[in-house]
Amino acid sequence: MTLDVNQYKPDIIVKVSEQTSREFNIQGDLEVIPSLSPAIAVSGISLGNAPWGNAGNMLEVGRVEAKVSIIPLLSGEIKINDFILHDTNVNLEKNAQGQGNWLLTGMQTNAQAETTAEASSLPPVSVENIEIRNVLLSYSDIVIESTTEFRLNEFTTAITDLDTPVSFSLEADYNDTVLEMSGQIGTIDGLMSGNEFPLDISGNLGELALKLNGTLANLLDNPSGSIALTLEIDSLSDLNELAESEFPDQGPLLFSGILNFDYLENLSINEINLQLSEIGISGNITANLDGNTPRITAVLQSDVLNLTPFMPEESEEEVKFIFPRDALPLELLSSVDANLTYSANQIVTPSIVLNENELTVSLNGGNLSMSNRSGIAGGDLSASIQFDTINDNQARLSTDISGDGIMLELLPHEEDRWFTGGATSISITGSGNGSSVADIMGDFNGNMLINIGEARMPNSGIDMFGADIIFSTFNKLNPLSSQEDFSLLECLVINLPIDDGIINIDRQIAVQTSKMYMVGSGNINLKNEELNLGIRPYAREGVSLNLSSVAGAAKIGGTLANPRPVIDAENVIKTGLSAGAAVATGGLSLLAQGLFSKSGADPEPCNTALGIASSSSTQSGEATEPPGDASEENVVDDVKDTLRGLFDR
């Protein structure tokens with residue numbers, strides 16, 4: 001009652017400042033509150049920040065108070081009845097060099113600290129009741145300019161003795177999201193001795209409900225344990241504020257699994273069960289952290305994986321490129337090794353349904369390989385993709401994708417009018433190097449082939465395989481598109497050889513129907529994504545058409561992201577069509593209205609597109625004149641043939 005503890009205040013300030021190399025201060029008084037359980041209290045504590053830090057102080061404590069029991073002191077035990085901490089700010093920061101402001105340069109080395117601890121070890125300490133209010137913990141990364149805040153509004157616990165389980169409750173805010181937790185954990189004796197430490201905790205983080213139930217051991221030495229974890233939320237969109245992202249309004253979400261860990265080096269989540277709308281995933285994930293590079297292994301499976309609700313809506317905003325120009329985060333590929341095996345009976349998207357999927361992914365030493373086999377629309381699809389890191393700025397992409405027996409009529413579609421039949425094969429092979437997707441495609445060497453067999457084809461509303469440009473052009477050039485809903489497709493071939501990012505096409509686009517066919521030549525530049533394609537239709541021999549409505553030939557320009565028809569000045573001049581007339585017909589009427597060339601036509605354009613010699617040419621020994629290269633004399637002959645056809649002569 002007579003001791004003035006403030007006489008020690010200057011010594012405490014000097015000693016802490018020396019030990020931390022930071023400015024330390026106590027604004028308030030040191031208090032001893034006399035009673036049968038006297039309390040020691042201090043207010044206005046502050047500890048300065050690192051010289052490079054943005055916050056004024058790293059630590060600010062409004063008030064800390066401890067009420068000590070007198071009688072246990074006589075037997076050498078420190079028993080704190082009540083511990084109170086109010087109005088505290090902890091500002092943690094990390095600079096560009098990865099150094100944290102919590103590293104105090106003036107602190108003793110580990111060896112010195114151990115020697116000091118042995119020389120001045122304290123008697124046993126126990127705390128019965130803890131009350132913490134209004135504590136703000138903030139973490140800032142100066143490099144990425146991000147700040148995370150955790151405000152502990154209230155934490156209370158009651159401990160009757162050291163061998164009785166501890167009950168607690170907690171109310172906090174995490175980045176303005178309310179966190180409420182309560183439950184029971186193991187005993188203090190169990191914690192200190194390394195024995196089993198059970199926990200049974202439940203609560204809410206915003207709208208996310210969570211539960212943890214299990215047992216820990218050796219928490220102070222080599223922690224291990226097994227914890228059953230459950231997460232539940234009504235909708236993914238309820239996580240938007242917490243995750244600072246835009247999740248779709250889909251749910252409910254239910255996740256459960258058993259977290260096992262051993263020495264914090266071997267982690268696993270077993271008996272995973274994830275349910276989200278029409279998505280169900282189960283399996284096991286393990287992580288080995290014992291080494292320079294973590295290794296993750298996952299074996300997952302699904303019955304039905306419906307991704308349709310999670311696919312982004314088609315943006316109406318015009319984009320300049322379809323291949324991203326941003327540099328790929330290649331350094332991330334070397335930060336972890338992983339092996340994933342995933343199987344699903346069915347994967348559903350708006351444009352495709354894959355059956356009996358078997359996917360394997362391997363990431364090792366910065367090299368990523370993926371392979372998948374699945375059924376699609378009555379056929380088979382296989383894909384092998386290799387993505388190897390060459391250096392910090394370069395990677396090599398190799399692809400080998402093939403599909404066979406795919407029936408167009410079985411593909412998902414929204415239009416009432418759709419294909420009947422249409423056995424299709426596809427092949428995409430090749431490789432390219434670069435630091436971005438655009439660089440890789442600009443360096444790509446390989447081939448892309450789409451080959452469609454006989455089908456009843458609608459004359460509008462086709463969007464498939466990226467070939468909708470070809471279908472759309474065909475329908476515009478087809479004089480029967482406005483008269484008939486369907487065309488009888490005999491074959492369609494898109495054969496694109498890719499050489500150093502340039503696709504030069506010499507009659508390697510072909511559409512053949514029962515009444516007409518269409519061939520295409522030109523080039524596609526994957527480096528700048530520019531299109532320069534000439535498309536020309538021909539009537540089949542012996543077929544009478546209303547030639548007055550034929551659009552003529554087309555030239556497709558623009559880019560892959562924004563293709564557009566353009567005027568072919570050469571054909572305009574050859575046929576005497578004025579530029580104004582060409583513009584009036586949307587830039588597609590590049591031959592005279594009513595002119596539909598028959599001479600110089602390839603009788604088997606699909607074979608030509610595939611590089612197969614025409615059977616008629618082989619039999620006759622004569623070469624077929626390449627379409628699109630007709631001389632001016634042939635154009636005149638075309639006009640004569642057209643006039644005769646109009647009068648049935």
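Residues numbered from 1 in each chain as written. Predicted model: local features only at pLDDT ≥ 70, side-chain atom pairs only at ≥ 80, totals over all residues. Heavy atoms only, no water.

## Some remarks on the overall build of the chain
Here's step 1: When helices and strands are tallied, the chain shows 13 helices and 31 strands.
Here's step 2: At a minimum sequence separation of 6, the contacts of the chain that also span at least 24 residues come to 50%.
Here's step 3: About 34,800 Å² of surface is accessible on the chain, with carbon and sulfur atoms providing 52% of the total. (Helix = DSSP H or I, 4+ residues; strand = E, 2+ residues; numbered from the N terminus. Contact = heavy atoms within 4.5 Å. Areas by Shrake-Rupley, 256 points an atom, 1.4 Å probe, with all protein chains shown as cover.)

## Focus on the side chain of Ser69
Here's step 1: Note that Ser69 resides in the loop between β4 (57–68) and α2 (70–74).
Here's step 2: In contact with Ser69, other than residues within four places in its own chain, are Ser37, Lys79 and Asn81.

## Some words on unusual backbone geometry
Here's step 1: Residue Pro252 is bonded to the preceding Gly251 through a cis peptide linkage, with omega at 0 degrees.
Here's step 2: For Pro252, the location among the structural elements is in the loop between α5 (240–243) and β13 (253–262).
Here's step 3: In this structure, Asn134 takes a positive phi of about 55 degrees despite not being glycine.
Here's step 4: For Asn134, the location among the structural elements is in strand β6 (residues 125–141).
Here's step 5: Positioned with a positive phi, Ala377 is a non-glycine residue whose angle comes to about 50 degrees.
Here's step 6: Mapped onto the elements of the fold, Ala377 is located in the loop between β19 (367–376) and β20 (379–389).

## Some details on a nonpolar patch on the surface
Here's step 1: Nonpolar side chains collect at one region of the surface, where Ile70, Ile71, Leu73 and Leu74 lie side by side and expose about 420 Å² of accessible area between them.
Here's step 2: By the secondary structure assignment, Leu73 is in helix α2. (Patch = residues over 30% accessible without salt bridge, like charges linked within 9 Å, V, L, I, M, F, W, Y side chains within 5 Å. Salt bridge = Lys/Arg side-chain N within 4 Å of Asp/Glu carboxyl O.)

## What to know about the nonpolar core
Here's step 1: One finds Ile376, Leu489, Ile503, Ile505, Ile524, Leu526 and Leu533 to be the most contacted residues of the largest nonpolar core, which totals 49 residues.
Here's step 2: If you look at the next biggest cluster of nonpolar residues, it comprises 29 residues, including Val135, Met181, Leu216 and Phe261. (Core = buried A, V, L, I, M, F, W, Y, C linked by side-chain atoms within 4.5 Å. Buried < 20%, exposed > 50% of the residue type's maximum accessible area, 1.4 Å probe, protein only.)

## Some words on the pairing of strand β7 (residues 146–158)
Here's step 1: As paired strands, β6 and β7 are joined by twelve bridges and run antiparallel to one another. What sits directly across from Asp141, in β7, is Ser146.
Here's step 2: Count of turn residues in the β6/β7 antiparallel hairpin: four residues, of which Glu145 carries a positive phi of about 55 degrees.
Here's step 3: Sheet analysis places β7 next to strand β8 (residues 166–174), joined by eight bridges and oriented antiparallel. The residue of β8 that forms the bridge with Thr157 is Phe168. (Pairing = 2+ DSSP bridges.)

## Considerations on the environment of Asn222
Here's step 1: Structurally, Asn222 can be placed in the loop between β11 (208–217) and β12 (224–233).
Here's step 2: Judged by relative accessible area, Asn222 falls into the partly exposed class, the value being 34%.
Here's step 3: For Asn222 and Asp262, which are 40 residues apart along the polypeptide, the C-alpha to C-alpha distance reads 7.7 Å.
Here's step 4: Look past the residues within four positions of Asn222 in its chain and what remains in contact with it is Ala217 and Tyr263.

## Looking at the pairing of β6
Here's step 1: Of the strand pairs in this sheet, strand β5 (residues 78–94) and β6 are connected by 15 bridges, and their pairing is parallel. Note that in β6 the partner of Phe83 across the bridge is Ile130.

## Details of the side chain of Ser302
Here's step 1: When you line up the elements, Ser302 lands in strand β16 (residues 295–306).
Here's step 2: Note on Ser302: relative accessible area 9%, which makes it buried.
Here's step 3: Separated by 2.7 Å, the side chain of Ser302 and the backbone oxygen of Gly280 make a polar contact.
Here's step 4: Not counting residues up to four positions away in its chain, the partners in contact with Ser302 are Gly280, Ile281, Tyr342, Ser343, Ala344 and Asn345. (Polar contact = N/O pair within 3.5 Å; in protein donor to acceptor, adjacent residues only side chain to side chain.)

## Section: a negative patch on the surface
Here's step 1: On the surface, a cluster of negative charge is made up of Glu207, Glu232, Asp234, Asp238 and Asp249.
Here's step 2: Note on placement: Asp234 falls in the loop between β12 and α5. (Lys, Arg positive; Asp, Glu negative; His and termini not counted. Charge placed at Lys NZ, Arg CZ, Asp CG, Glu CD.)

## Considerations on the pattern of salt bridges
Here's step 1: In this structure the tally under the stated criterion is ten salt bridges.
Here's step 2: Two residues, Asp506 and Arg507, come together in a salt bridge whose shortest N-O distance is 3.1 Å.
Here's step 3: Note on Asp506: relative accessible area 46%, which makes it partly exposed.
Here's step 4: A single network of salt bridges, built from pairs that share partners, joins Glu31, Arg63 and Glu65.

## A look at the packing of aromatic side chains
Here a ring pair, both rings aromatic, is described through the centre-centre distance and the interplanar angle of the planes.
Here's step 1: Summed over all chains, the structure comprises three aromatic pairs.
Here's step 2: The interplanar angle of 45 degrees and the centroid separation of 6.5 Å between the aromatic rings of Trp102 and Tyr139 together place this pair among those described as tilted. Taken together, the residues Trp102 in the loop between β5 and α3 (110–119) and Tyr139 in strand β6 connect sequence positions 37 residues apart.
Here's step 3: Look at Trp418 and Phe419: their rings are 5.1 Å apart centre to centre, the planes differ by 90 degrees, and that puts the pair in the edge-to-face class.
Here's step 4: Owing to a relative accessible area of 3%, Phe419 belongs among the buried residues under this scheme.
Here's step 5: If you follow Arg325 out to its NZ or CZ, it ends over the ring of Phe321, 3.7 Å from the centre.
Here's step 6: Above the ring of Phe486, the side-chain terminus of Arg456 is found at 3.7 Å from the ring centroid. (Phe/Tyr/Trp six-rings, centres within 6.5 Å; stacked < 30°, edge-to-face > 60°. Lys NZ or Arg CZ within 6 Å of the ring centre and 35° of its normal.)

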